[in-house]
Amino acid sequence: REKDDNYKIQMPKLRVAQEYKDKMKSIIDVERNIFKFKKSSEEKSRKREKEEKFFRETFMYDKEINVINTATAECSVPSERRVDLPVTAGEQLDVIDVTEGHAVICRNSEGRYGYVLVEHLNFR
């Protein structure tokens, strides 16, 4: 046995291979994060499409949706009806259309549409 131990060949450690493995592991992690991001953005786009479809059916809105102006909500207002948009103080809203009366059609950051009274908005 002693002779076998003396003649045992020791192989050098392949550090390059370990570095390569670490590098590949980090690349795979980055790729996984990219795919997770795309999945969540797809879910958001589906939700926005659903909200837009509901908006067009409810408001009978057949025009192209263009942002006229942006406004900031001055105070928090809960919605009393489904067509009203609940807003919180300081929330940024996109003004889509102006209606007759004291209300405008707005879209919030989540993609929901609804009426908001002009008195509750601060236009820049």
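This text follows the structure it describes.
All values derive from a computational prediction rather than experimental measurement. (Residues numbered from 1 in each chain as written. Predicted model: local features only at pLDDT ≥ 70, side-chain atom pairs only at ≥ 80, totals over all residues. Heavy atoms only, no water.)

As for the nonpolar core
Inside soluble globular proteins, nonpolar side chains tend to come together where they are buried.
Logical step 1: Within the largest apolar cluster, ten residues are counted, these being A71, A73, L85, V87, L93, V95, V104, C106, V116 and L121.
Logical step 2: The residues contacting L121, other than those within four sequence positions of it, are A71, T72, A73, E74, L93, V104, C106 and V116.
Logical step 3: Membership of the second largest hydrophobic core comes to eight residues, among which are F55, F59, V83 and Y113. (Core = buried A, V, L, I, M, F, W, Y, C linked by side-chain atoms within 4.5 Å. Buried < 20%, exposed > 50% of the residue type's maximum accessible area, 1.4 Å probe, protein only. Contact = heavy atoms within 4.5 Å.)

Let's talk about unusual backbone geometry
Logical step 1: Its identity is not glycine, yet M60 carries a phi of approximately 50°, on the positive side.
Logical step 2: Positionally, M60 belongs in the loop between α2 (15–59) and β1 (69–73).
Logical step 3: With relative accessibility at 72%, the residue M60 sits in the exposed group. (Helix = DSSP H or I, 4+ residues; strand = E, 2+ residues; numbered from the N terminus.)

Topic: empty space enclosed by the protein
Logical step 1: What the rule picks out here adds up to one cavity of 30 Å³ or more.
Logical step 2: When its volume is computed, the largest cavity comes out at roughly 50 Å³.
Logical step 3: Surrounding the largest cavity, E51, F54, F55, F59, R82 and Y113 form its lining.
Logical step 4: When its residues are assigned to classes, the lining of the largest cavity shows four nonpolar, no polar and two charged. (1 Å grid on protein atoms, 1.4 Å probe; cavity = no way out; pocket = protein on both sides within 12 Å on 5 of 7 lines; lining within 4 Å. Points joined across faces, edges and corners; volume = space filled by probe spheres on them. Nonpolar A, V, L, I, M, F, W, Y, C, P; charged D, E, K, R; others polar.)

Notes on the environment of R107
Logical step 1: Within the fold, R107 resides in strand β3 (residues 103–107).
Logical step 2: Residue R107 is classed as buried on the basis of its relative accessible area, which comes to 16%.
Logical step 3: Contact partners of R107, with chain neighbours within four places excluded, come to I65, V67, L85, L93, D94, I96, R112 and Y113.

Details of the pattern of salt bridges
Logical step 1: According to the stated counting rule, one finds four salt bridges in the structure shown.
Logical step 2: The salt bridge involving R107 is made with D94; its shortest N-O contact spans 3.3 Å. On the criterion of sequence distance, the pair formed by R107 in strand β3 and D94 in strand β2 (residues 92–98) is long-range, its members being 13 residues apart.
Logical step 3: For D94, a relative accessible area of 22% gives the class partly exposed. (Salt bridge = Lys/Arg side-chain N within 4 Å of Asp/Glu carboxyl O.)

Comments concerning the layout of surface pockets
Logical step 1: By volume, the largest pocket amounts to about 190 Å³.
Logical step 2: Lining the largest pocket are 13 residues, and of these V77, P78, D84, Y115 and L117 lie nearest its centre.
Logical step 3: Counting residues per element, the lining of the largest pocket draws most heavily on strand β4 (residues 113–117), which supplies three residues.
Logical step 4: Its residues assigned to classes, the lining of the largest pocket shows eight nonpolar, two polar and three charged.

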